[in-house]
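What the coordinates show
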Amino acid sequence: MSINKEFVKFDKVDKSYDGKVLVVKDLQLDIAEGEFITMLGPSGSGKTTCLMMLAGFETPTNGEIYLDGNAISSIPPHKRGIGMVFQNYALFPHMTVYENLAFPLRVRKIPKDESDKKIDKALSMVSLQGFAQRMPGQLSGGQQQRVAVARSLVFDPQLVLMDEPLGALDKNLRESMQYEIKHIHESIGVTVVYVTHDQSEALTMSNRIAVFNDGKVQQLSSPDELYEKPVNSFVAEFIGENNTFAGEVSDISGGKCKVKLANADILANPISVKGKGERTTVSIRPERALINPIDKMDNIHKGKIEEVIYHGDHTRVRINLLGNSEFILKVPNSSSNLDIKLGNEIKIGWNSDDARALDPK
Amino acid sequence: MSSETKQILTTDGIPLEVSLKKAEKKNKIKAFLLVAPLLLFIIITYVFPIGDMLMRSVDDKMVTEMLPKTFKSMEKWDGEDLPPEEVFEAFYFDFQKLIEEEREGKLSTQLNYTKNGFKSIIKKLRRKSKSFEEGNYKEQIMSVHRRWADVEYWRAIKRRAPAYTYQKYLKGVDMYENEKGEIINVPEDRRVHRILWLRTLEIAFFVTVFCFLMAYPIAHLLATLPMKYSNLLMICVLLPFWTSLLVRTASWMILLQQQGIVNDFFVMIGLVSDDNRLEMMFNKTGSYVAMTQILLPFMVLPLYSVMKTISPSLMRAGKSLGGTPFVAFWKVYFPLTIPGIGAGCLLVFILAIGYYITPALVGGASGTLISNQIAFHMKSTLDWSFASAMGLMLLSGVLVIYWLYNKLVGIDNIKLG
């Protein structure tokens, strides 16, 4: 059985609330069956709007959304059969956990013994057996969250939407829930569309991530590619930490380009620059730049240490390098790095491959 | 258990409980002082008057004090045949004392409440008793009027002996205690109060229903509309609150009268003919319409405050889980609004059963309520004890509803905002 590559398809979707501003612009997005896809972006970037259009609570201003080949714009939400986990769980406060889970089964007129089995299964999936008779108000935030997940899955939907479901949890719980949701996804193979503004959440959980900004998908790719190979400066800035140099391309040849900064030249990997004279932002990940490089690296410059922050497993070092006083390095804590002291001049090196010359900000 | 556990001491060696009490004493006194004015106000303006009303409604000391000797001598009388001479003698002396104090008129009024026909025979007795000779008062009094020789009248007097009575309450439900002490209904053509009670309950019930039906959508709209529209709508809802009750009722009179705007409109669009205009005022319709409009905000506000707290994502969740909009509303939204419905209905119903001005003005004869009857007895017949009795019956009716509500829904489930 081949996997449907276009299980969900956004086809040229536009959305505007007031007729003046487009919240979503010309969205073109295919989601494969069984995929865990995350829509990631700052607030107001249109990601939640996309989710709401898919769920049926908003209608596209233009374009069409297809679910398993069928246009769904005219289908009301309750007939779409899409499970959804809401930001604040949206558990029905007047029903027990059991009744909450029974709700989608009851409206589908599933016989009681069968629905009881499904509810048991769903509750054991989120390890909440024995909580069936509790009221949502008697559960902790994490437990409520798991009930919400169980409820969205109990009626075996093919597609589950999650709208920042972990936003209200504390850090530790959020991390363990990330793994839990990921494992559930892997074990039952349901298609998940997940919305978040938390990049680490997106990187941990997803097969693919769609980075939204300004109503557009900036980049759609796997987490590692997104981190290692951002296609523009927004993505580079939004995902992970990032050191940047703004400059002008002075030479471009053989898969490398020379970028002229205010007082030096650096070599970079031309991603979105085509020719000489273009403005560009060069992006380097903190862990790709090394102190006192041993290897032969094609970029080696001197900088002055401005700040040292101890982080336990590593040390963050802020360096004034080539006019950028915000250049961050992450140095693993080992005895060899004892010369990292405030005010010291040190050599910093990186490969031009890791310095991506992107669009100017 | 507590004797076994070691007493915990503070660092200074004082028992912890004592220390805690001492520390909190100041706060407690402060809190009490803050509440004190209200407490005093409630005691003076609420507890005392209601206590006084309760006393008044059962108080029957007036006659007891007017005829002390008579009632004392009546103690031995079995009430079968005419009373013996001592009773007549005692009555004569009591009566003479009343004449001196010019209070015999009051006695006749009071006795006339118990049995019709006392007024004239007491007047006659007053005239004739001036020429009474000493001794054999029985013969002399009986000769004044043949009713004085009727044992029924003497029994009627005896019934007024106790200082307290529940007669007024019986009267409030169109019953009375007859000469033999049986509680029976008054003749059908004289039953007025039961009709009024039923009508009061009926109007209060339907006004509550109408208010609920109209307020629910409004409150929902208020709770879901964007702020700038909902504020405007809220002002529309609250506008009646800022207008005098009398003005609002009067404007309903202008609208509903036979030559009024509503009738004019109906005639204009041909719904009714000009010589057959609808009677919408001075009957139940008038009371329904005006009371519903006036009490509507009391339903809207509690509903609104409850609906405001219901997250819109709950309805969405209901729909995304496969419930039709109706199922999502009925199974999810509606149950969550029950505290507001309870509060609103209780508020409107309780206000409606005690409503006075509006039914008095637009209710006419068929639209007046029990409160109008109470006011009538307070102002016109001056039978305050009867008015008090009916007031208390109304109050206990409210308490019963409150109790029922607590049993059915639970009073801690109520939400006013």
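Predicted model only: the values in this text are computed from it and were never measured. (Residues numbered from 1 in each chain as written. Chains lettered and ligands numbered in written order. Predicted model: local features only at pLDDT ≥ 70, side-chain atom pairs only at ≥ 80, totals over all residues.)

**Concerning the overall build of chain A**
Counted only if it meets this: Here a helix means four or more residues in a row that DSSP labels H or I, a strand means two or more in a row labelled E, and each is numbered from the N terminus.
The helix and strand inventory of chain A stands at eight helices and 20 strands. Based on the C-alpha atoms only, the size of chain A along its principal axes is roughly 75 × 50 × 40 Å.

**Digging into the overall build of chain B**
Formally: Each radius of gyration is computed over the set of C-alpha atoms, and the globule rule expresses the reference value as 2.2 Å times the number of residues to the power 0.38. Around each residue's C-beta, the other C-beta atoms within 10 Å are counted; 20 or more make the residue buried, 12 or fewer make it exposed, and counts in between make it partly exposed. All C-beta atoms are placed from the backbone. C-beta atoms are placed from the backbone for every residue, and two residues are taken to be in contact when these atoms lie within 7 Å.
Broken down by element type, chain B carries 19 helices and two strands. Its C-alpha radius of gyration of 31 Å places chain B more than 25% over the 22 Å reference for a compact globule of 417 residues. Residue burial in chain B is summarised as follows: out of 417 residues, 29% are buried. A sequence separation of at least 24 residues applies to 67% of the contacts in chain B between residues at least 6 apart.

**Description of the sheet that holds strand 7 (residues 159–163) of chain A**
All names here are of chain A. So the rule is basically this: Strand pairing is defined by DSSP finding a minimum of two bridges between the two strands. Axes here mean lines fitted to C-alpha atoms, for a helix over just the part in contact, with angles spanning 0 to 180 degrees between N-to-C directions.
Pairing within the open sheet is mixed, and its six strands lie in the order 6-7-8-3-9-10. Pairing within the sheet leaves two strands with one partner each, and these edge strands are strand 6 (82–85) and strand 10 (216–221). Strand after strand, the sheet turns through a mean of 20 degrees between neighbouring axes, direction not considered. Alignment of strand 3 (residues 36–40) against strand 8 (residues 191–196), held across five bridges, turns out to be parallel. When the bridges of strand 8 are listed, Met39 appears paired with Val195. Contacting strand 6 and strand 7, helix 4 (residues 141–153) runs over the sheet at an angle of about 175 degrees to strand 6.

**Considerations on the domain arrangement of chain B**
The condition that has to hold: Domain extents, as shown, originate in an automatic or database domain assignment.
Partitioning chain B into structural domains gives domain 1 (1–47), domain 2 (61–161) and domain 3 (193–413). Between the C-alpha centres of domain 1 of chain B and domain 3 of chain B there is a distance of 44 Å.

**Here we look at helix 8 (residues 151–159) of chain B**
Burial in helix 8 of chain B covers these residues: Tyr153, Trp154, Arg155, Ile157 and Arg159 of chain B. Residues of helix 8 of chain B that are buried make contact with helix 5 (104–114) of chain B.

**Notes on the nonpolar core**
To keep it simple, the criterion reads: For the purposes of this analysis, a nonpolar core is taken to be any set of buried Ala, Val, Leu, Ile, Met, Phe, Trp, Tyr and Cys residues that are connected through C-beta atoms within 7 Å.
The biggest cluster of nonpolar side chains holds 97 residues, and the ones touching the most others in it are Leu54, Ala150, Leu161, Val193, Ala210, Val211 and Ala357 of chain A. In contact with Val193 of chain A, other than residues within four places in its own chain, are Ile31, Ile37, Met39, Leu51, Leu54, Leu159 and Leu161 of chain A. Counting 47 residues, the second-largest nonpolar core is a separate cluster that includes Leu196, Phe282, Val289 and Leu361 of chain B.

**What about the sheet that holds strand 11 (residues 243–253) of chain A?**
Residues and elements named next belong to chain A. Spatially, 11-12-13-20-14 is the arrangement adopted by the five strands of the closed barrel, whose pairing is mixed. Neighbour to neighbour, the strand axes of the sheet diverge by 55 degrees on average, direction disregarded. Direction of pairing for strand 11 relative to strand 12 (residues 256–260): antiparallel, over a ladder of five bridges. Bridging from a neighbouring strand, Ile252 pairs with Cys257 of strand 12.

**A few points about the packing of helix 15 (residues 312–320) of chain B against helix 16 (residues 325–353) of chain B**
Residues and elements named next belong to chain B. Worth spelling out the cut-off: Should an angle fall under 35 degrees it is taken as roughly parallel, and over 145 as roughly antiparallel, whereas 65 to 115 is taken as roughly perpendicular and any remaining angle as oblique. Crossing handedness: left-handed means the near helix sits turned counterclockwise from the far one by under a right angle, and right-handed means the same turn made clockwise. Polarity classes work like this: nonpolar for Ala, Val, Leu, Ile, Met, Phe, Trp, Tyr, Cys and Pro, charged for Asp, Glu, Lys and Arg, and polar for all others, with Gly in that last group.
As a packed pair, helix 15 and helix 16 sit with axes 9 Å apart at the nearest point and diverge in direction by 130 degrees. Our classification of the angle between helix 15 and helix 16 gives oblique. As for the relative orientation of helix 15 and helix 16, their crossing is right-handed in sense. Residues Leu314, Met315, Gly318 and Lys319 of helix 15 lie in contact with helix 16, whose contacting residues are Pro325, Ala328, Lys331, Val332 and Tyr333. Here the contact of helix 15 with helix 16 is built from residues that sort into six nonpolar, one polar and two charged.

**Quick look at the domain arrangement of chain A**
Residue and element names in this part refer to chain A. When its domains are assigned, chain A resolves into domain 1 (8–233) and domain 2 (241–358). Spacing between the C-alpha centres of domain 1 and domain 2 amounts to 39 Å. Between domain 1 and domain 2, the residue contacts involve four residues of the former and six residues of the latter. Taken together, the residues of the side of domain 1 that touches domain 2 sort by class into two nonpolar, two polar and no charged.

**Some details on the packing of helix 5 of chain B against helix 6 (residues 118–129) of chain B**
Residues and elements named next belong to chain B. In the contact formed by helix 5 and helix 6, the axes pass within 8 Å of each other and the chain directions differ by 150 degrees. Relative to helix 6, the element helix 5 lies roughly antiparallel. As for the relative orientation of helix 5 and helix 6, their crossing is right-handed in sense. Across from Glu104, Leu107, Ser108, Leu111 and Asn112 in helix 5, the residues of helix 6 making contact are Phe118, Lys119, Ile122, Lys123 and Arg126.

**Digging into the pairing of strand 6 of chain A**
All names here are of chain A. Burial along strand 6 is two-sided: Ile82 and Met84 facing one way and Gly83 and Val85 facing the other are all buried. Taken together, the four bridges between strand 6 and strand 7 define a ladder with parallel strand orientation. Looking across to strand 7, one finds that Gly83 is bridged to Val160.

**Topic: helix 5 of chain B**
An α-helix turns once every 3.6 residues. As a result, residues three or four positions apart point the same way. All names here are of chain B. Heads up, the rule is: It is the directions from the helix axis to the C-beta atoms whose arc is reported.
Along helix 5, the positions that sit buried rather than exposed are Glu104, Leu107, Leu111 and Thr114. The buried residues of helix 5 occupy an angular sector of 65 degrees when projected down its axis, which confines them to one face. Where the residues of helix 5 are buried, they touch helix 2 (61–66), helix 4 (85–100), helix 6 and helix 8.

**So, the interface of chain A and chain B**
Tallying the contact residues gives 19 residues for chain A and 15 residues for chain B. At the level of secondary structure, the elements contributing two or more residues to the side of chain A that touches chain B comprise strand 6 and helix 2 (97–107) of chain A. A class-by-class count of the residues in the side of chain A that touches chain B yields 13 nonpolar, four polar and two charged.

**Details of the pairing of strand 8 of chain A**
Residue and element names in this part refer to chain A. Across the six residues that make up strand 8, a large majority, six, are buried. What you see with strand 8 is no split at all: Thr191, Val193 and Val195 on one side and Val192, Tyr194 and Thr196 on the other are buried throughout. Pairing analysis gives five bridges linking strand 7 to strand 8, with the strands arranged parallel. Within strand 8, the residue paired with Asp163 across the bridge is Val195.

**Concerning the environment of Phe234 of chain A**
Residue and element names in this part refer to chain A. Along the chain, Phe234 turns up in helix 8 (residues 233–238). The class of Phe234 is buried, set by 21 C-beta atoms lying within 10 Å. For Phe234 and Pro360, which are 126 residues apart along the polypeptide, the C-alpha to C-alpha distance reads 9.7 Å.

**A look at the confidence of the model for chain B**
Residue and element names in this part refer to chain B. Operational definition: Per-residue confidence from the predictor is reported as pLDDT, which spans 0 to 100.
Confidence along chain B averages 85 in pLDDT terms, with 96% of residues attaining 70 or more. Taken element by element, the predicted model of chain B shows its lowest mean pLDDT in strand 1 (residues 175–177) (81) and its highest in helix 10 (residues 193–224) (92). Complex prediction metrics read pTM 0.77 and ipTM 0.79.

**Notes on unusual backbone geometry**
Residue and element names in this part refer to chain A. For Lys12, which is not glycine, the phi dihedral falls at a positive 50 degrees. Here Lys12 is to be found in strand 1 (residues 8–16). Despite not being glycine, Asp68 has its phi angle at roughly 55 degrees, a positive value. Tracing the chain through its elements places Asp68 in the loop between strand 4 (62–67) and strand 5 (70–71).

**Observations regarding the environment of Pro77 of chain A**
Within the element layout of this structure, Pro77 of chain A appears in the loop between strand 5 and strand 6. Along the sequence, Pro77 of chain A and Ala264 of chain A sit 187 residues apart, while their C-alpha atoms lie 58 Å from each other. When residues no more than four places from it in sequence are discounted, the contact partners of Pro77 of chain A are Ala55, Gly56 and Phe57 of chain A together with Lys319 and Ser320 of chain B.

**Here's the deal with the confidence of the model for chain A**
With 98% of its residues at a pLDDT of 70 or more, chain A has an overall mean of 85. The secondary structure element of chain A with the lowest average pLDDT is strand 15 (residues 290–291) of chain A, at 80, and the one with the highest is helix 2 of chain A, at 92.

**A few points about the environment of Gln145 of chain A**
Residue and element names in this part refer to chain A. Position of Gln145 relative to the elements: it lies in helix 4. Classification of Gln145 by C-beta neighbours within 10 Å gives buried; the count is 26. Expressed as a C-alpha distance, the spacing of Gln145 and Tyr89, which sit 56 residues apart in the sequence, is 6.0 Å. Non-local contacts of Gln145, meaning those with residues more than four positions away in its chain, are made with Tyr89, Pro165, Leu166, Leu169 and Met177.

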